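# Working through the structure, step by step
Listed below, chain by chain, are the residues.
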Amino acid sequence: MKKNKWLLWALAVLLLAGCSLARPEAAAENGDRWIGFYVVPSQGYVDHLADNPYVEEYGAFSAETDRLGTLSFPQEALFAVKDEVGNYTFPGIEKGYDLFIYREYDPEHPGYQGRNYSVGVSSNMAPGEETTHFSYTDEGVFEIASGVIYCGPPLGADADWNAHTDGNTYWRYYNVYQTGDGRIYLNGDGDSVNGLMSKTQTVTNTRTENGKTYAETIQISVALESAQRIERLTVTQFDETNTAVRSDDLALREDLPEIRCGAETAWVLVEEYGGGETARTAYNTPEKDGEPISHQIILLDEEGYGSLAYLHIQ
């Protein structure tokens, strides 16, 4: 039975039973951990799990009723799929932004405080203001991550398009959970916002081992920010007399070509044209055997949703 049919049936039963329905807490009942967000944009409100062929029954949620006592209803979940390079996607709603801190369990190699897991971060967002970091002490665990989602004018929008007044994008912050055996899923709960509203959520769980209680806290922050649509990207190389020795107009795509500086190049200017403005960034030429420069570019798709690309200069 499809999720929306289950919910309609459940709501009908609850109304007849005189229920004040509390928000389902399937993850808490299952003992699974909240680990972050999967943020999905849409034009208008969309239930991305309704009629999704990849959802499966997992656990249940309960509600207190005046006439029938506690009732339990099936809960459906959409489990993430891990590809060959280690990235997670949620089938049927691949066009989203993920930020969560997950654990990979290894019972044969216990770690600090007897933990049998390593920690990883899954994210396709731009880096946030708060640096991702983990703290493990005798008192417990603190894990934190932040990210930024960029959005801007759809292709062909008017020059005075404004993300706060012209956009009709709903951002669904789906809560992401992880089971005790490491599977990652979402079950449809979470918040929806309209416009550029950011969100921070902190969850603390406790566990007791050998009579000592440990706190495990995870904090995830997501910022929604506007970005101009880049119309042209130019890289110009200058020598020590500030004379331009080479200039390249680059195609706007995710796999940007690598820029190799000539022997006479002293510094490089990256110019991003768009929205009647020009953003300019200057870099000194990298050392011959040093790390290449990595310049972040925000590319908007036809609907105005941003993705990251990196221009490497060496």
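Before reading further, recall that the structure is shown in the block above.
Residues numbered from 1 in each chain as written. Predicted model: local features only at pLDDT ≥ 70, side-chain atom pairs only at ≥ 80, totals over all residues. Heavy atoms only, no water.

## Concerning the nonpolar core
Rules: The criterion is simple. A nonpolar core is a set of buried Ala, Val, Leu, Ile, Met, Phe, Trp, Tyr and Cys residues joined through side-chain atoms within 4.5 Å. Exposure classes here rest on a 1.4 Å probe applied to the protein chains alone. A residue is buried below 20% of its type maximum, exposed above 50%, and partly exposed in between. Residue contacts are counted whenever heavy atoms from the two residues lie within 4.5 Å of one another.
Core analysis: the largest hydrophobic core is formed by 41 residues, its most contacted members being Phe90, Trp171, Ile184 and Ile220. Among residues more than four places away in sequence, those in contact with isoleucine 220 are Trp34, Ile35, Gly36, Phe37, Leu99, Ile101, Ala145, Lys199, Thr200 and Gln201. Judged by nonpolar contacts, the second largest core, of 15 residues, contains Ile230, Val235, Val268 and Leu311.

## With respect to the pairing of strand β9 (residues 133-137)
Selection criterion: Strand pairing follows a simple DSSP-based rule, namely that at least 2 bridges must link the two strands. Elements are defined by DSSP. Helices are runs of H or I of four residues or more, strands are runs of E of two residues or more, and each kind is numbered from the N terminus.
Pairing analysis gives 5 bridges linking β9 to strand β10 (residues 140-151), with the strands arranged antiparallel. Counted as the bridge partner of tyrosine 136 is valine 141 from β10.

## Remarks on the pattern of salt bridges
The condition that has to hold: In what follows, salt bridge is the name for a side-chain nitrogen of Lys or Arg lying within 4 Å of a carboxyl oxygen of Asp or Glu.
Tallied over the full model, the rule gives 13 salt bridges. For aspartate 301, the salt bridge identified is with lysine 95, shortest N-O distance 3.1 Å. Remark: lysine 95 occurs in the loop between β5 (88-89) and β6 (97-105) and aspartate 301 occurs in the loop between β20 (293-300) and β21 (306-313); sequence separation between them is 206 residues. Here arginine 246 and aspartate 248 are joined by a salt bridge, their closest N and O atoms 3.0 Å apart. Accessibility expressed as a relative area gives 48% for arginine 246, which makes it partly exposed. Put simply, Arg33, Arg103, Glu143 and Glu216 are held in one network by salt bridges that share partners.

## Considering the pairing of strand β11 (residues 169-178)
Burial runs high along β11: 9 of the 10 residues are buried. Pairing of strand β1 (residues 33-43) with β11 involves 10 bridges; the strand directions are antiparallel. Across the sheet, the residue bridging to glycine 36 is valine 176, located in β11. Pairing geometry for β11 and strand β13 (residues 190-194), over 5 bridges, is antiparallel. By the bridge assignment, tyrosine 170 is partnered in β13 with asparagine 194. With 2 bridges connecting them, β11 and strand β12 (residues 184-186) associate as antiparallel partners. Note that in β12 the partner of tyrosine 177 across the bridge is tyrosine 185. Adjacent in sequence and paired antiparallel, β11 and β12 are bridged by 5 residues, among which glycine 182 carries a positive phi angle near 100°.

## Some words on the sheet that holds strand β17 (residues 244-250)
Our working definition: An axis is simply a line fitted to the C-alpha atoms; with a helix, the fit covers only the stretch in contact. Between two such axes, the angle follows the N-to-C directions and lies from 0 to 180 degrees.
Across the sheet, which stays open at both edges, the 4 strands sit in the order β17-β16-β18-β19 with antiparallel pairing between neighbours. At either margin of the open sheet sits one strand with a lone partner, and together these are β17 and β19 (277-284). Across this sheet, the average inter-strand angle for adjacent strands is 15°, counted without regard to direction. When strand β16 (residues 232-238) meets strand β18 (residues 267-274), the two strands line up antiparallel, connected through 7 bridges. In the sheet register, phenylalanine 238 faces β18, and the bridge partner there is tryptophan 267.

## A word on the side chain of aspartate 98
Spelled out, the test is: Asp and Glu are treated as the negative residues and Lys and Arg as the positive ones, with His and the ends of the chain left uncounted. In the analysis that follows, any N or O atom pair within 3.5 Å is treated as a polar contact, provided that within protein one partner can donate a hydrogen and the other can accept it, and provided that, for residues neighboring in sequence, both atoms belong to side chains.
One can find aspartate 98 in strand β6. Summary of buried charges: aspartate 98 has no salt-bridge partner, and the nearest side chain of opposite charge, lysine 82, is 12 Å away. A distance of 2.4 Å separates polar atoms of two side chains, one belonging to aspartate 98 and the other to serine 122. Not counting residues within four places of it along the chain, the set of residues in contact with aspartate 98 comprises Phe37, Tyr38, Ser122, Ser123, Asn124 and Met125.

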